[in-house]
Amino acid sequence: MTIRRFLRRSRSAWPVTLASPDTLLTVLAQEVVDGILLDMNFTQGGNSGQDGLLWLRAIHKKHPAIPVVLVTAYADIKLAVRGLKMGAADFVAKPWDNQELIRVLKDAI
């Protein structure tokens, strides 16, 4: 199950889902958002996490008060620490535990 589908089914406080971050800044300018669950990789075949760090930086530049939780299947401690140092509220590795993911999201907001 994708994270987008899981969040919609869980009826969490995070109902806006995007298939890609390309419209993220536009959505943030138009909607009240309590928090963001941000995947780290969007480039096909990419797994460095650089996409997510780029978007984390862009989000914090325009919306520094919105907490961002990073998620990736390519978890490594250096990437997690770098994301946290850049201002991420937390870091979740795939595959995730449903209850733990909900707890992390709630703690972030």
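Computed from a predicted model, the values in this text were never measured in an experiment.

Student: For the side chain of H60, give the residues involved together with the corresponding values.
Tutor: In this fold, H60 is placed in helix α3 (residues 50–62). For H60, a relative accessible area of 19% corresponds to the buried category. What H60 contacts, discounting residues up to four positions off in sequence, is I66, V68, M86, G87 and A88.

Student: I'd like to hear about the sheet that holds strand β1 (residues 36–39), residue by residue, with values.
Tutor: Judged by pairing direction, the sheet is parallel, and its three strands sit side by side in the order β1-β2-β3 without closing on themselves. Each edge of the open sheet carries a strand with a single partner, namely β1 and β3 (90–93). Averaged over neighbouring strand pairs, the angle between their axes works out to 25° when direction is ignored. Sheet topology note: the strand β2 (residues 68–72)/β3 ladder contains four bridges and is parallel. The residue bridging V71 from the neighbouring strand is V92, located in β3.

Student: Could you give an account of the environment of S48, with specific residues and numbers?
Tutor: For S48, the location among the structural elements is in the loop between β1 and α3. Separated by 31 residues in sequence, S48 and L79 place their C-alpha atoms 8.3 Å apart. Not counting residues up to four positions away in its chain, the partners in contact with S48 are N41 and L79. There is a polar contact of 3.2 Å between the side chain of S48 and the backbone nitrogen of Q50.

Student: Quick one: what's the story with the nonpolar core, residue by residue and with numbers?
Tutor: Grouped together as the largest cluster of nonpolar side chains are 16 residues, with contacts concentrated most on I36, L38, I59, V68 and L70. Mapped onto this core, the elements with two or more residues apiece are α2 (24–30), β1, α3, β2 and α4 (77–85). Here this core gets four residues from one element, more than from any other, and that element is α3. Among residues more than four places away in sequence, those in contact with L38 are G52, W55, L56, I59, V68, V69, L70 and V71. By size, the runner-up hydrophobic cluster in this structure holds nine residues, among which are V69, V71, V92 and L101.

Student: Provide a residue-level description of the pattern of salt bridges, including the pertinent values.
Tutor: Here the structure, examined in full by the defined rule, presents three salt bridges. For R103, the salt bridge goes to E100, with nearest N and O atoms at 2.5 Å. Taken as a pair, R103 and E100 lie in helix α5 (residues 98–108) at a separation of three residues, close to a single helical turn. Owing to a relative accessible area of 37%, R103 belongs among the partly exposed residues under this scheme. Under the relative-accessibility criterion, E100 is labelled partly exposed at 38%. With its nearest N and O atoms 2.4 Å apart, the salt bridge here joins R103 to D107.

Definitions and cut-offs
Residues numbered from 1 in each chain as written. Predicted model: local features only at pLDDT ≥ 70, side-chain atom pairs only at ≥ 80, totals over all residues. Heavy atoms only, no water. Helix = DSSP H or I, 4+ residues; strand = E, 2+ residues; numbered from the N terminus. Buried < 20%, exposed > 50% of the residue type's maximum accessible area, 1.4 Å probe, protein only. Contact = heavy atoms within 4.5 Å. Pairing = 2+ DSSP bridges. Axes fitted to C-alpha atoms, helices over the stretch in contact; angles between N-to-C directions. Polar contact = N/O pair within 3.5 Å; in protein donor to acceptor, adjacent residues only side chain to side chain. Core = buried A, V, L, I, M, F, W, Y, C linked by side-chain atoms within 4.5 Å. Salt bridge = Lys/Arg side-chain N within 4 Å of Asp/Glu carboxyl O.

Just geometry here; none of it tells us what the structure is for.
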